[in-house]
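A closer look at the structure
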Amino acid sequence: MLNFSAIPFGIAPLHALPGFLIRRVTQAFSTIPDFTDWLVAAMLALVYTSIALSVGFWSGFLKVDVQTSRRTIVGVLIGCLLSPGITEELLFRVLMLPHPFVEDASGLMLWFWGCASLAVFVVYHPLNALTFYPVGRSTFMNPVFLLLAAILGVACSLAYLQSGSIWPAVAVHWLAVTGWLLLLGGYRRLYG
(Lines give C-alpha, C1' and ligand atoms only; values in the text may rest on other atoms or scores of the structure.)
Protein backbone atom coordinates (compact mmCIF):
# COMPACT_ATOMS: atom_id res chain seq x y z
CA MET A 1 0.00 0.00 0.00
CA LEU A 2 1.31 3.44 -0.87
CA ASN A 3 1.75 5.70 2.10
CA PHE A 4 0.07 8.67 0.46
CA SER A 5 0.25 10.76 3.63
CA ALA A 6 4.07 10.62 3.53
CA ILE A 7 4.10 12.33 0.11
CA PRO A 8 4.19 16.15 0.55
CA PHE A 9 0.83 17.61 -0.50
CA GLY A 10 -0.04 14.19 -1.91
CA ILE A 11 2.19 14.74 -4.95
CA ALA A 12 4.66 12.05 -5.99
CA PRO A 13 8.22 13.07 -6.92
CA LEU A 14 8.47 13.83 -10.65
CA HIS A 15 10.61 10.79 -11.47
CA ALA A 16 8.02 8.52 -9.80
CA LEU A 17 4.94 10.24 -11.23
CA PRO A 18 4.44 8.13 -14.41
CA GLY A 19 4.56 4.83 -12.50
CA PHE A 20 2.41 6.31 -9.74
CA LEU A 21 -0.28 7.41 -12.22
CA ILE A 22 -0.12 4.12 -14.14
CA ARG A 23 -0.81 2.27 -10.86
CA ARG A 24 -3.79 4.55 -10.20
CA VAL A 25 -5.21 3.90 -13.67
CA THR A 26 -4.61 0.16 -13.48
CA GLN A 27 -6.22 -0.06 -10.06
CA ALA A 28 -9.25 2.03 -11.09
CA PHE A 29 -9.93 0.01 -14.24
CA SER A 30 -9.30 -3.39 -12.65
CA THR A 31 -11.31 -2.89 -9.45
CA ILE A 32 -14.63 -4.66 -9.96
CA PRO A 33 -17.54 -2.83 -8.31
CA ASP A 34 -19.75 -4.92 -6.05
CA PHE A 35 -23.51 -4.67 -5.52
CA THR A 36 -23.13 -1.94 -2.88
CA ASP A 37 -20.96 0.14 -5.22
CA TRP A 38 -23.62 -0.02 -7.93
CA LEU A 39 -26.37 0.73 -5.41
CA VAL A 40 -24.50 3.83 -4.22
CA ALA A 41 -23.94 4.90 -7.85
CA ALA A 42 -27.66 4.45 -8.57
CA MET A 43 -28.57 6.54 -5.52
CA LEU A 44 -26.10 9.25 -6.56
CA ALA A 45 -27.58 9.24 -10.07
CA LEU A 46 -31.09 9.59 -8.65
CA VAL A 47 -30.10 12.44 -6.33
CA TYR A 48 -28.26 14.18 -9.17
CA THR A 49 -31.25 13.69 -11.49
CA SER A 50 -33.69 15.19 -8.99
CA ILE A 51 -31.44 18.23 -8.44
CA ALA A 52 -30.66 18.67 -12.15
CA LEU A 53 -34.30 18.42 -13.21
CA SER A 54 -35.43 20.87 -10.52
CA VAL A 55 -32.73 23.45 -11.24
CA GLY A 56 -32.78 22.86 -15.00
CA PHE A 57 -36.52 23.24 -15.53
CA TRP A 58 -36.83 26.08 -13.00
CA SER A 59 -34.08 28.06 -14.79
CA GLY A 60 -35.24 27.19 -18.30
CA PHE A 61 -31.93 25.49 -19.10
CA LEU A 62 -33.65 22.13 -19.61
CA LYS A 63 -36.67 21.41 -21.77
CA VAL A 64 -38.16 18.18 -23.00
CA ASP A 65 -36.74 17.57 -26.46
CA VAL A 66 -36.57 13.86 -27.30
CA GLN A 67 -34.21 12.76 -30.06
CA THR A 68 -35.80 10.09 -32.25
CA SER A 69 -33.20 9.47 -34.92
CA ARG A 70 -31.78 5.97 -34.44
CA ARG A 71 -28.41 7.14 -35.74
CA THR A 72 -28.32 10.03 -33.24
CA ILE A 73 -29.34 7.81 -30.34
CA VAL A 74 -26.73 5.13 -31.08
CA GLY A 75 -24.05 7.77 -31.71
CA VAL A 76 -24.76 9.52 -28.42
CA LEU A 77 -24.97 6.29 -26.41
CA ILE A 78 -21.62 5.00 -27.72
CA GLY A 79 -19.88 8.36 -28.06
CA CYS A 80 -20.74 9.53 -24.55
CA LEU A 81 -19.41 6.33 -23.05
CA LEU A 82 -15.98 7.17 -24.46
CA SER A 83 -16.19 10.94 -24.04
CA PRO A 84 -17.10 12.39 -21.65
CA GLY A 85 -17.70 9.11 -19.75
CA ILE A 86 -14.37 7.32 -19.65
CA THR A 87 -12.05 10.17 -20.68
CA GLU A 88 -13.30 12.75 -18.18
CA GLU A 89 -13.54 10.25 -15.34
CA LEU A 90 -10.00 9.14 -16.08
CA LEU A 91 -8.69 12.72 -16.13
CA PHE A 92 -10.67 14.31 -13.31
CA ARG A 93 -11.23 11.43 -10.92
CA VAL A 94 -8.72 8.60 -11.45
CA LEU A 95 -5.62 10.69 -12.16
CA MET A 96 -6.40 13.44 -9.65
CA LEU A 97 -7.96 11.66 -6.68
CA PRO A 98 -6.08 9.31 -4.35
CA HIS A 99 -7.20 5.74 -4.88
CA PRO A 100 -9.29 4.89 -1.80
CA PHE A 101 -8.01 1.32 -1.37
CA VAL A 102 -4.37 1.61 -2.43
CA GLU A 103 -3.25 5.01 -1.18
CA ASP A 104 -3.31 5.82 2.49
CA ALA A 105 -4.64 9.36 2.01
CA SER A 106 -5.76 11.39 4.98
CA GLY A 107 -9.19 12.98 5.07
CA LEU A 108 -7.54 16.38 4.52
CA MET A 109 -5.78 15.11 1.38
CA LEU A 110 -9.05 13.64 0.07
CA TRP A 111 -10.77 16.99 0.59
CA PHE A 112 -7.90 18.91 -1.02
CA TRP A 113 -7.71 16.71 -4.11
CA GLY A 114 -11.51 16.41 -4.30
CA CYS A 115 -11.88 20.21 -4.37
CA ALA A 116 -8.98 20.60 -6.81
CA SER A 117 -10.35 17.98 -9.21
CA LEU A 118 -13.83 19.53 -9.00
CA ALA A 119 -12.49 23.02 -9.75
CA VAL A 120 -10.47 21.75 -12.73
CA PHE A 121 -13.48 19.75 -13.97
CA VAL A 122 -15.75 22.81 -13.91
CA VAL A 123 -13.18 25.19 -15.43
CA TYR A 124 -12.37 22.65 -18.15
CA HIS A 125 -15.79 23.09 -19.78
CA PRO A 126 -15.56 26.85 -20.56
CA LEU A 127 -11.90 26.43 -21.55
CA ASN A 128 -12.92 23.63 -23.91
CA ALA A 129 -15.55 25.93 -25.43
CA LEU A 130 -13.02 28.73 -25.88
CA THR A 131 -10.45 26.49 -27.54
CA PHE A 132 -11.50 23.19 -29.09
CA TYR A 133 -15.31 23.30 -29.08
CA PRO A 134 -16.53 26.84 -29.88
CA VAL A 135 -19.99 25.53 -30.88
CA GLY A 136 -20.56 24.75 -27.20
CA ARG A 137 -19.55 28.22 -26.00
CA SER A 138 -22.99 29.50 -24.99
CA THR A 139 -23.83 26.22 -23.24
CA PHE A 140 -20.47 25.62 -21.53
CA MET A 141 -20.37 29.22 -20.24
CA ASN A 142 -23.94 29.06 -18.91
CA PRO A 143 -23.95 29.36 -15.08
CA VAL A 144 -26.71 26.74 -14.77
CA PHE A 145 -24.69 24.29 -16.87
CA LEU A 146 -21.61 24.96 -14.73
CA LEU A 147 -23.61 24.45 -11.52
CA LEU A 148 -25.00 21.16 -12.81
CA ALA A 149 -21.51 20.13 -13.96
CA ALA A 150 -20.17 20.84 -10.47
CA ILE A 151 -22.90 18.75 -8.85
CA LEU A 152 -22.25 15.96 -11.36
CA GLY A 153 -18.54 16.18 -10.53
CA VAL A 154 -19.30 15.71 -6.84
CA ALA A 155 -21.53 12.70 -7.59
CA CYS A 156 -18.88 11.10 -9.81
CA SER A 157 -16.15 11.74 -7.22
CA LEU A 158 -18.24 10.10 -4.50
CA ALA A 159 -18.97 7.11 -6.77
CA TYR A 160 -15.25 6.69 -7.49
CA LEU A 161 -14.05 7.19 -3.92
CA GLN A 162 -16.68 4.80 -2.55
CA SER A 163 -15.94 2.01 -5.03
CA GLY A 164 -12.30 2.48 -5.99
CA SER A 165 -13.42 1.68 -9.53
CA ILE A 166 -13.81 3.99 -12.52
CA TRP A 167 -16.93 2.14 -13.70
CA PRO A 168 -19.61 3.48 -11.28
CA ALA A 169 -18.40 7.06 -11.89
CA VAL A 170 -18.45 6.47 -15.65
CA ALA A 171 -22.00 5.11 -15.38
CA VAL A 172 -23.24 8.16 -13.42
CA HIS A 173 -21.55 10.57 -15.85
CA TRP A 174 -22.76 8.67 -18.92
CA LEU A 175 -26.36 8.51 -17.70
CA ALA A 176 -26.43 12.24 -16.92
CA VAL A 177 -24.97 13.32 -20.25
CA THR A 178 -26.93 10.91 -22.44
CA GLY A 179 -30.16 11.81 -20.65
CA TRP A 180 -29.47 15.51 -21.22
CA LEU A 181 -28.51 15.06 -24.88
CA LEU A 182 -31.27 12.64 -25.86
CA LEU A 183 -34.21 13.77 -23.72
CA LEU A 184 -33.68 17.26 -22.33
CA GLY A 185 -32.55 19.57 -25.11
CA GLY A 186 -28.80 19.06 -24.85
CA TYR A 187 -28.40 17.72 -28.37
CA ARG A 188 -30.15 20.72 -29.92
CA ARG A 189 -28.11 23.10 -27.73
CA LEU A 190 -24.81 21.60 -28.86
CA TYR A 191 -25.52 20.53 -32.42
CA GLY A 192 -28.42 22.69 -33.55
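Here the structure is a predicted model, which means the values were calculated and not measured.

What counts as what
Residues numbered from 1 in each chain as written. Predicted model: local features only at pLDDT ≥ 70, side-chain atom pairs only at ≥ 80, totals over all residues. Heavy atoms only, no water. Phe/Tyr/Trp six-rings, centres within 6.5 Å; stacked < 30°, edge-to-face > 60°. Helix = DSSP H or I, 4+ residues; strand = E, 2+ residues; numbered from the N terminus. Buried < 20%, exposed > 50% of the residue type's maximum accessible area, 1.4 Å probe, protein only. Expected span 1.5 Å × (residues − 1). Arc of directions from axis to C-beta. Contact = heavy atoms within 4.5 Å.

Further remarks concern the packing of aromatic side chains. Applying the stated rule across the entire model yields 10 aromatic pairs. Relative to Trp167, the ring of Phe29 lies with its centre 5.4 Å away and its plane at 80°, an arrangement referred to as edge-to-face. Of the two residues, Phe29 sits in helix H1 (residues 17-30) while Trp167 sits in helix H7 (residues 166-183), which places them 138 residues apart along the sequence. Residue Phe29 is classed as partly exposed on the basis of its relative accessible area of 28%. Taking the relative accessible area as the measure of exposure, Trp167 reaches 29% and is therefore partly exposed. Plain terms: the ring middles of Phe112 and Trp113 are 5.0 Å apart, the flat faces sit at 80° to each other, and that makes the pair edge-to-face.

Another aspect to go through is H1. With 14 residues, H1 should cover 20 Å at 1.5 Å per step; its first-to-last C-alpha distance of 20 Å lies within 8% of that length. Among all positions in H1, only Phe20, Arg24 and Ala28 are buried. The arc that holds the buried residues of H1, viewed along the axis, is 65°, so those residues lie on one side. If you follow the buried residues of H1, they end up packed against helix H3 (70-94), helix H6 (143-163) and H7.

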